[in-house]
Amino acid sequence: MRPQTLIAPGLIPLMSRPSDSANNSDKVDYTAARGAHKETLMKRILIPVDGSQPAVHAVQALLDARSYDPVERVELLTVQIPLKAGKIGRGLSQAEIDAYHEEEGRHALAAASELLTRAGVPFQTHIEVGAAAETIVRVAGESGADEIFMGSRGLGSVSSWFLGSVATRVLHLAELPVTLVK
């Protein structure tokens with residue numbers, strides 16, 4: 001089976017869809033590559049965001065690609081680094097820590113949510129706390145996502161290195177296509 005790669009400006013295709021037969025490697029069976037909820041060629045896409053410009057670029061790249069790769073719904077996810085009561089959060093109650101994660105999550109989702117709302121694309125937001133790559137892959141599976149679109153880097157110099165490593169880890173953990181956007 002020879003995989004096919006679809007190339008679009010600004011996108012780095014990292015996984016491709018399998019062809020539907022060994023004899024016809026030029027034709028891709030999109031339906032077989034999607035979850036059981038798919039009866040059309042429309043996709044459900046998970047986009048992890050952190051409020052950074054690369055995350056916003058991932059959303060914009062998805063919106064630009066809609067004309068040739070229709071989207072059913074976007075699962076917009078932000079993963080917050082755990083703040084534990086015994087360490088950084090010393091003196092804070094669990095309710096205060098939860099409120100902090102919620103506030104930071106809403107802030108991280110704001111720009112991406114605005115883009116999707118203006119474009120009229122249905123989406124659902126998720127705020128999770130935990131290890132970023134593992135959480136991204138878990139939520140992709142739980143939400144029935146067909147593909148993950150994500151920025152290749154995130155916020156700040158130290159955070160950029162961290163999110164870059166998150167993107168690499170997602171590539172290794174995910175069993176579905178992942179598109180990194182510069």
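This structure is a prediction, so every number in the text was calculated from the model and none was measured. Here the residue numbering is sequential within each chain, running from 1 through the sequence in written order. Selection of residues for local features in this predicted model requires a pLDDT of at least 70, selection of side-chain atom pairs for listing and counting requires 80 or more, and totals for whole chains, interfaces and linings are taken over all residues. Side-chain measures were taken over the full set of non-hydrogen atoms in the model, leaving aside hydrogen atoms and water.

**As for the overall build of the protein**
At step 1: The numbering of helices and of strands both runs from the N terminus, where a helix is a DSSP run of H or I of at least 4 residues and a strand a run of E of at least 2. When you go through the protein residue by residue, the secondary structure sums to 4 helices and 6 strands.
At step 2: Helices and strands in the protein line up, N terminus first, as β-β-α-β-α-β-α-β-α-β.
At step 3: Note on exposure labels: buried denotes an accessible area under 20% of the residue type's maximum, exposed denotes more than 50%, and partly exposed covers the range between, all computed with a 1.4 Å probe on protein chains only. Considering the protein as a whole, with its 182 residues, one finds that 43% of them fall into the buried category.
At step 4: Contacts are assigned to residue pairs with any non-hydrogen atoms lying within 4.5 Å of each other. Counting only contacts in the protein whose residues sit at least 6 apart along the sequence, the fraction spanning at least 24 positions is 69%.
At step 5: Accessible surface is estimated by sampling points in the Shrake-Rupley manner with a 1.4 Å probe; for residues, cover comes only from the protein chains shown. Summed over all atoms, the accessible surface of the protein reaches about 10000 Å², with 55% contributed by carbon and sulfur.

**A look at the environment of G130**
At step 1: Within the secondary structure, G130 sits in the loop between β4 (123-129) and α3 (132-143).
At step 2: In this structure the C-alpha to C-alpha distance between G130 and I81, which are 49 residues apart in sequence, comes to 5.8 Å.
At step 3: If we ignore the near neighbours within four places in the chain, the residues touching G130 are V79, Q80, P82 and T135.

**Let's talk about the nonpolar core**
At step 1: Throughout, nonpolar core names a set of buried Ala, Val, Leu, Ile, Met, Phe, Trp, Tyr and Cys residues whose side chains join them through atoms within 4.5 Å. Judged by nonpolar contacts, the single largest core of 20 residues is most densely connected at I47, V49, V59, V74 and L76.
At step 2: Of all the elements, helix α1 (residues 53-65) adds the most residues to this core, at 7 residues.
At step 3: Ranked by size, the runner-up nonpolar core spans 19 residues in total, among them I148, V166, L176 and L180.

**Section: the pattern of salt bridges**
At step 1: Salt bridge criterion: a side-chain nitrogen from Lys or Arg within 4 Å of a carboxyl oxygen from Asp or Glu. For the coordinates displayed, the defined rule picks out 8 salt bridges.
At step 2: Linking R106 and E102 is a salt bridge whose minimum nitrogen-to-oxygen distance equals 2.6 Å. On the criterion of helical spacing, the pair formed by R106 and E102 is a turn pair, its members being 4 residues apart in helix α2 (residues 94-119).
At step 3: Given a relative accessible area of 52%, R106 falls into the exposed group.
At step 4: E102 gets classed as partly exposed once you look at its relative accessible area, which sits at 33%.
At step 5: A salt bridge links R118 to E114; the nearest nitrogen and oxygen atoms lie 3.8 Å apart.

**Some thoughts on the confidence of the model for the protein**
At step 1: In this model, the protein carries a mean pLDDT of 77, and residues with pLDDT of at least 70 account for 67%.
At step 2: The pLDDT value tells you how sure the predictor is about a given residue, anywhere from 0 up to 100. Throughout residues 155-163 the model reports pLDDT below 50, and contacts reaching past four residues in sequence, or to other chains, amount to 11 contacts.

**So, the environment of H101**
At step 1: Mapped onto the elements of the fold, H101 is located in helix α2.
At step 2: On a C-alpha basis, the gap between H101 and E128 in space is 8.3 Å, while along the polypeptide they are 27 residues apart.
At step 3: Ignoring sequence-local partners within four residues, the contact set of H101 consists of Q80, I81, P82, L83, I127 and V129.
At step 4: For this analysis, a polar contact is any N or O atom pair within 3.5 Å, provided that within protein one partner can donate a hydrogen and the other can accept it, and provided that sequence-adjacent residues contribute only side-chain to side-chain pairs. A polar atom in the side chain of H101 sits 3.3 Å from the backbone oxygen of I81.

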